[in-house]
Each structure stands twice: as C-alpha cells, then as structure tokens.
Amino acid sequence: MSFSTPILLITFNRPDHTRQVFDAIKKQKPDSLYIFQDGSRDGNLNDIEKCKEVRAIFEEPLDWNCELHTFYSTVNLGCGPGPAAGISWFFEQVEAGIIIEDDAIPADDFFNYASELLIRYKDDKDIRAIGSMKVDDKIYGDGTYYFSMMNRTLCAWATWRRAWNDFDYHLREISKKDFYKSLSFYNVTLREREYWYARLLEIQKDGYGDTSWDQQFWMSIWLKKGKGISPNFNLSSNIGFEEGATHTFDENSIAAKVKAETIKSIVHPRNTNIIRKADLRFQQLYFEPYEYGFIGFKRLPFRINKRIKRFFNLNGSWFK
C-alpha cells in the first residue's frame, strides 16, 4: 500500500543523515515526494561535494510509483530563508502535507498520525500545526495528543497551506503592543513574554542572523490566536545534535536523539483547549533550562538588569 499524504524533505549537505531519513520515508511508499535542497556556500568545496552526494540519493530507482519533485537551489539561501523557500514551494503545489528535515528520523507511526489529523482538522482554522516532538515523560489530557501554543514544528511536522499563508519571515510590521497582546491570549508568564519578545526583535533585525524560520511560523500562529497539536509520545528522533550544527550543537540537549515511540491507535482528546502547564514545561525544558531552578536563581540579577535596560531603552552590558 502507498501513502497518499504529500511529503516534503528539506536537505542540504549531510548525505549520511539524509540517507537515514529517506530510508524511513521510503518505508511509507509515498505517492508524492518533494525534495528541497539548499545550494552550496560560495567557495565551499566540501559543500559542493556533499550536496552532490545528497542529490545522488534521490537519483536511485524507487520500487513503487512515486511522483518525485525536486527544487535544488543554485545559490545558498541559508538555514532560515532556505527551508522557508522550500516550504513555500511545497504549498504552492499541495493543500496539506508533512515536512521533514534531514536530521529527523520519523517514527513509523508518525505518518498515519499526521495524515489522520490533517484530515480531521482541515477545516478548523484555529488549529495550524501538527508536531512530532515530546521531551518529557508526562501525559497531558486524555488523548494521544493535546493542544498547545508550542507548536513543535521541529524535526518532523505537518500543516496546511491555509496556515503557512500567514507566514512572514521578517515580521517587521508587528509592534510590541500587538505582540504582547497576542501572547496574553495564552496566559504566558512575564519571563516567557520577555524571552519571546527578545526573539521577535532579533527576527525583525535580521531573521535571527538568517538562521530561523520556525520561530517566525510559531509567531504567525500566535498573532492569529491559533494553536497546534503536540503528541503525548515522541514521534521523531533528532540525529543532528553534533558539533558544527547551526542550532542543535549541544549533544546534551534534552531533545538530542530522543528515542521515537509508538502510539498504535490514535485516541482523540475530548476537547481542543490548550494545556497551559504543558507549554510552560516545554519552555522550561527546551528553550530556557538555564533560567529555572538554582541556576535560574543565580541569574536573577541579570534578568533584573535586562528589564531595566529595556524599560529605559538602554544599550551596553549593565545598567549604570
């Protein structure tokens, strides 16, 4: 049997990682597969060779009927604009689909889980993303998954064209007032609000050094008071935590190489309310582990200093 939901695989210059992820995708025998590859960096001979090795993977014959679509960029767009361009290209062709990065091995169960939920919630405009990532051992709600503002569009995930249409790479028209108003809908803490506003400023400045696209997507969801789906079981394993990575360089990260699990049958939760405690827990474990507990207490003077500087619009290391 084949798999009917379209899949996009985002690649660059990691043939070994790409091979492992592609092997997981091939087991599903998708009817249509889209491949995006960013171009090699100028003057980087290693990139040229590795990118060529990646493309060779997709030239190998497939043993099922598959419409293979490719977008091989001739220039290096970067790890922010590149995936954003690839996802936009994907949704020019399809209404809904699965997106997988070249360092994320999806669990076998992820594919049917994502496909079923894409169909179930296709007309619910409040629901805008389906994630695969789980980093703690707590179960939230009464279903296989729960609803969240932390949309986990990391590694392997799924969404609809209607949601991606609101994506804005630079978010330059978003004011502090509007952003705070959108976050207040989710009852975030002051610390979370400060964290994400700082991210917004970095995005508005230069796209977080042109290394981010996913945070812009989350923010586009928040600005619409939307929500995403997070699983109660981890459905992808990130193999990209290693030296030389752009973001996932800490091999001790809580998300590094978390084992993928099985969900068997899907149990739908009885309501679609956001589970606030799950979102706060994810913020604490994944985004700001250094700001909580005893380490966070020691950093209290730094946080106070940051608030004073922001209030008075001051630059420099310390308020004087």
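The structure this text deals with has already been given above.
Fair warning: this is a prediction, and the values are worked out from it, not measured in the lab.

Quick notes on the rules
- Residues numbered from 1 in each chain as written.
- Predicted model: local features only at pLDDT ≥ 70, side-chain atom pairs only at ≥ 80, totals over all residues.
- Heavy atoms only, no water.
- Helix = DSSP H or I, 4+ residues; strand = E, 2+ residues; numbered from the N terminus.
- Buried < 20%, exposed > 50% of the residue type's maximum accessible area, 1.4 Å probe, protein only.
- Contact = heavy atoms within 4.5 Å.
- Areas by Shrake-Rupley, 256 points an atom, 1.4 Å probe, with all protein chains shown as cover.
- Phe/Tyr/Trp six-rings, centres within 6.5 Å; stacked < 30°, edge-to-face > 60°.
- Pairing = 2+ DSSP bridges.
- Right-handed = clockwise from strand over helix to strand, strands pointing away.
- Axes fitted to C-alpha atoms, helices over the stretch in contact; angles between N-to-C directions.
- Parallel < 35°, antiparallel > 145°, perpendicular 65-115°, else oblique.
- Nonpolar A, V, L, I, M, F, W, Y, C, P; charged D, E, K, R; others polar.

Caption draft 1: Spotlight on the overall build of the protein chain. Check the secondary structure of the protein chain and you find 11 helices and 10 strands. Buried positions account for 51% of the 320 residues belonging to the protein chain. Of all intrachain contacts in the protein chain linking residues separated by at least 6 positions in sequence, the fraction that spans at least 24 positions is 80%. Roughly 15,800 Å² of accessible area belongs to the protein chain as shown, and the carbon and sulfur atoms make up 50% of that amount.

Caption draft 2: Structural detail: the packing of aromatic side chains. In total, this model carries 30 aromatic pairs according to the counting rule given. With a centroid separation of 6.2 Å and 45° between ring planes, the pair formed by Phe110 and Tyr113 is classed as tilted. Residue Phe110 and its partner Tyr113 are located together in helix 4 (residues 108-120), separated by 3 residues, close to a single helical turn. There is no split in this pair, since Phe110 and Tyr113 are both buried.

Caption draft 3: Just the pairing of strand 3 (residues 67-72), in detail. In this structure, strand 2 (residues 32-37) lies alongside strand 3, joined through 6 bridges in parallel fashion. Of the residues in strand 3, the one forming a bridge with Tyr34 is His69. A crossover connection joins strand 2 to the parallel strand 3 through helix 2 (residues 45-57); in handedness this β-α-β unit is right-handed.

Caption draft 4: Structural view of the packing of helix 6 (residues 176-184) against helix 8 (residues 214-223). Close contact between helix 6 and helix 8 brings their axes to 8 Å; oriented N to C, the two are set at 75°. One way to sum up the angle between helix 6 and helix 8 is to call them roughly perpendicular. On the side of helix 6, the interface is formed by Asp178, Phe179, Ser182 and Leu183, while helix 8 contributes Met219, Trp222 and Leu223. Along the lines of polarity and charge, the residues of the contact of helix 6 with helix 8 split into 5 nonpolar, 1 polar and 1 charged.

Caption draft 5: Spotlight on unusual backbone geometry. Notably, Leu171 is not glycine yet its phi reads approximately 55°, a positive angle. With respect to the secondary-structure elements, Leu171 resides in the loop between helix 5 (161-164) and helix 6. Relative accessible area serves as the criterion here: at 2%, Leu171 is assigned to the buried category. The backbone phi angle of Asn187 is positive, close to 55°, even though this residue is not glycine. Note on placement: Asn187 falls in the loop between helix 6 and helix 7 (190-210). Judged by its relative accessible area of 59%, Asn187 is exposed.

The quantities given are spatial measurements derived from coordinates; they are silent on function.
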